[in-house]
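# Residue-level structure breakdown
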Amino acid sequence: MERRTVAPRKDWQQKVEELGLLFHTQERPYWDESAYYELTAREVDELEKATNDLHARCLDAVQHVIDRNRFAELRIPEVVIPYVKQAWEEEPPSLYGRFDLAYDGKSPPKMLEYNADTPTALLEASVVQWYWLQELFPKEDQFNSIHEHLLSTWKDLRPYLKGTPLYFGHMDDTEDMITVTYLRDTAEQAGVQTAALLMDEIGWDNDRDCFVDLEEKPMRSIFKLYPWEWMIHEEFGAHVQSTRNETQWIEPVWKMVLSNKGILPILWELNPNHPNLLEARFGDPGKMSEYVKKPLLSREGANVTVKTTSGTVETGGDYGEEGFIFQARASVSDFSGFYPVLGSWVIGGEAGGVGIRESDKLVTDNLSRFVPHLFR
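Residues numbered from 1 in each chain as written. Predicted model: local features only at pLDDT ≥ 70, side-chain atom pairs only at ≥ 80, totals over all residues. Heavy atoms only, no water.

### Some thoughts on the environment of Leu21
To keep it simple, the criterion reads: Numbering of helices and strands runs from the N terminus; a helix is a DSSP stretch of H or I covering at least four residues, while a strand is a stretch of E covering at least two. Per-residue accessibility, obtained with a 1.4 Å probe over protein chains only, is compared with the maximum for each type, and a residue is labelled buried under 20%, exposed over 50%, and partly exposed between these values. Two residues form a contact once any of their heavy atoms are found within 4.5 Å.
You can see Leu21 is positioned in the loop between helix 1 (12-18) and strand 2 (35-39). Accessibility expressed as a relative area gives 0% for Leu21, which makes it buried. Ignoring any residue separated from it by four or fewer positions in sequence, one finds Leu21 in contact with Val16, Trp31, Leu123, Glu124, Val128 and Ile178.

In C-alpha cells form, the structure reads like this:
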C-alpha cells in the first residue's frame, strides 16, 4: 500500500458535482484527488477477508449481548431492550454498514469501530472515486463493487418491505441529503418505489396509531439516516416501539448494539488476540501504554483522547455522558505525514469495497479528506 501524488483533473469540481457530490470543498477540499492510494491484489483480498470475518464476529457479539443481557454496559435503556431482541429474532431488512479500519499493507487490518447504523461517505466511495479511476487509470482496478451490491441487496429486500413507498428520512444536512438521494436512486433502480422527507416532517396520527407522511398517508417502511440512540429518547420514540409490528425501520434497532463503542471490549473479550481486533476495555486502559479513549456514543472523532508515548491529543465535542471505552492504539505507518482510515463497506452482509479518509492529525474528523484508491 503506497500513497501517490497526482495532478487533479481539470474542472474536477464540476465533474464531482455532476455526480452529486456537492460538498466537495469545506475549509479546504474534502474530495482530494491530488493523491491516491495504490494497493495490491493481495492487500485487497486481505481487506475483503478481514471485513467479512469482522462482520461475522460482530453478529456473534450481538447474540452474546442479548444472551448475557449486557445492555447496561452499552447504556442501552431497559425500555428498548425488548424491541432490540424482537428485531434480532425476526431479522427485518438490513442494508449496510461501514467498518473503519487501520491498515498500511504491512500489518493485518485493525478494526477501529463499526458504523452499522448511519454510515455516510457512501456516494464518494461508490460512484465518485470509480469515475475518477475510469478517467485517469482505465486499465487499473478498484476495490469497489458497492453500487452492484446495493442494487442486489435492494432486490433481495424488496419482498420483505411492509409497505410502499419506502420512505427515506434524513436531517436537513447536505451530506445526509446526498447519501439518501444516492440510496433512493439505487433502490429505484432495483424496483423499489421510494419517497423522501425530513425526519421532523414525519407525523403521528393518534387516532390511527401510525406514522404519517405530509399527505397523512400511513408510513409502513422507513429508511432513516438518523441514529437510534437519538430516536429512542425523542418524543416519538415510544411510538417507534409501540408500532414495531406495523412499521419497519431500516436500519433495524439491533444495529444500535454494533454502532456503540462498547461492542469493542466485548469483541476483544470474545476473540482475544484476534489479528483484526485491537485490545479494548471498559473502565480503564489496563496495561496499555498507548491507547485511545472513546465515548460509547460519538461521531466524527469528537471527544476522543489519544495517549501516546510522546504525549496526549484530545478533541472537543458534546459526547461522553454515557461513558467511555479504552482501545489500544493501532500501530500503523503514516504516509508522508498523513494517516489514512479505510472505510470498508458491508452491503447485504458482504464486503463491497473501501473508501479512504485521511488526515494530517491522529484523529479522523469531519474535515478529513476523502482520497481515491486503485489496485494493481
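Now that the structure is up, let's keep going.
### Considering helix 3 (residues 81-90)
Of all the positions in helix 3, only Ile81, Tyr83, Val84, Gln86, Ala87 and Trp88 are classed as buried. Next to the buried residues of helix 3 lie helix 2 (41-68), helix 7 (228-231), helix 8 (237-242), strand 10 (248-250) and helix 9 (255-258). At the C-terminal side of helix 3, Glu91 shows a positive phi close to 50°.

### Quick look at unusual backbone geometry
A cis amide bond, omega 0°, links Thr164 with the succeeding residue Pro165. Mapped onto the elements, Pro165 comes out in the loop between helix 5 (146-157) and strand 5 (166-170). In the segment running from Ile250 into Glu251, the intervening peptide bond is cis, with an omega of 5°. Looking at where Glu251 falls in the secondary structure, it is placed in the loop between strand 10 and helix 9. Even without being a glycine, Asn69 presents a positive backbone phi close to 55°. Relative to the helices and strands, Asn69 resides in the loop between helix 2 and helix 3. Phi at Asp209 is positive, roughly 55°, even though this residue is not glycine. Along the chain, the position of Asp209 falls in the loop between strand 7 (203-205) and strand 8 (210-212).

### As for a negative patch on the surface
For clarity, the threshold we go by: Patch membership requires more than 30% relative accessible area and the absence of a salt bridge. Residues of like charge join within 9 Å; the nonpolar side chains Val, Leu, Ile, Met, Phe, Trp and Tyr join within 5 Å. Every accessible area reported is derived by Shrake-Rupley at a probe size of 1.4 Å, with residue values counting cover from the shown protein chains alone. Within this document, salt bridges are pairs made up of a side-chain nitrogen of Lys or Arg and a carboxyl oxygen of Asp or Glu, the two lying within 4 Å of each other. Charge convention: Lys and Arg are scored as positive, Asp and Glu as negative, and His as well as the terminal groups of each chain are ignored. A charge is said to be at NZ when it belongs to Lys, at CZ for Arg, at CG for Asp and at CD for Glu.
Taken together, the side chains of Asp67, Glu89, Glu90 and Glu91 present a region of like negative charge at the surface. Counting through the fold element by element, Glu89 comes out in helix 3. Judged by relative accessible area, which is 57%, Glu89 ranks as exposed.

### A word on the side chain of Ser344
Applied cut-off: Whenever a nitrogen or oxygen atom comes within 3.5 Å of another N or O atom, the pair is scored as a polar contact, on the condition that within protein one atom can donate a hydrogen and the other can accept it, and that pairs from neighbouring residues in sequence are kept only if both atoms are in side chains.
Along the chain, the position of Ser344 falls in strand 16 (residues 339-347). Side chain to side chain, Ser344 and Thr51 meet in a polar contact 2.6 Å long.

### What about the sheet that holds strand 10?
To be explicit about the condition: By definition, two strands form a pair when at least two bridges between them are found by DSSP. Only the stretch in contact is used when a helix axis is fitted, and all axes are lines through C-alpha atoms; the angle between N-to-C directions ranges over 0 to 180 degrees.
Strand order in this open sheet of four strands is 6-5-9-10, and the pairing throughout is parallel. Taken across any chain shown, the strands that pair with only one partner, and hence form the sheet edges, are strand 6 (194-198) and strand 10. Adjacent strand axes in the sheet meet at a mean angle of 25° when their direction is disregarded. Relative to strand 6, strand 5 runs parallel, the two being bridged by five bridges. Within strand 6, the residue paired with Phe168 across the bridge is Ala196.

### Structural notes on the sheet that holds strand 15 (residues 324-328)
Taken together, the five strands give an open sheet; going across it, the order is 11-15-12-13-14, and neighbouring strands pair in antiparallel fashion. The open sheet terminates on both sides in strands that have one partner only, identified here as strand 11 (280-282) and strand 14 (311-314). Going across the sheet, the axis of each strand differs from the next one's by a mean of 20°, ignoring polarity. In this sheet, strand 13 (residues 305-308) lies alongside strand 12 (residues 291-295) in antiparallel orientation, the contact comprising three bridges. Bridging from a neighbouring strand, Lys293 pairs with Thr305 of strand 13. Against the sheet, helix 10 (residues 263-270) contacts strand 11, strand 12 and strand 15, and its axis sits at roughly 120° relative to strand 11.

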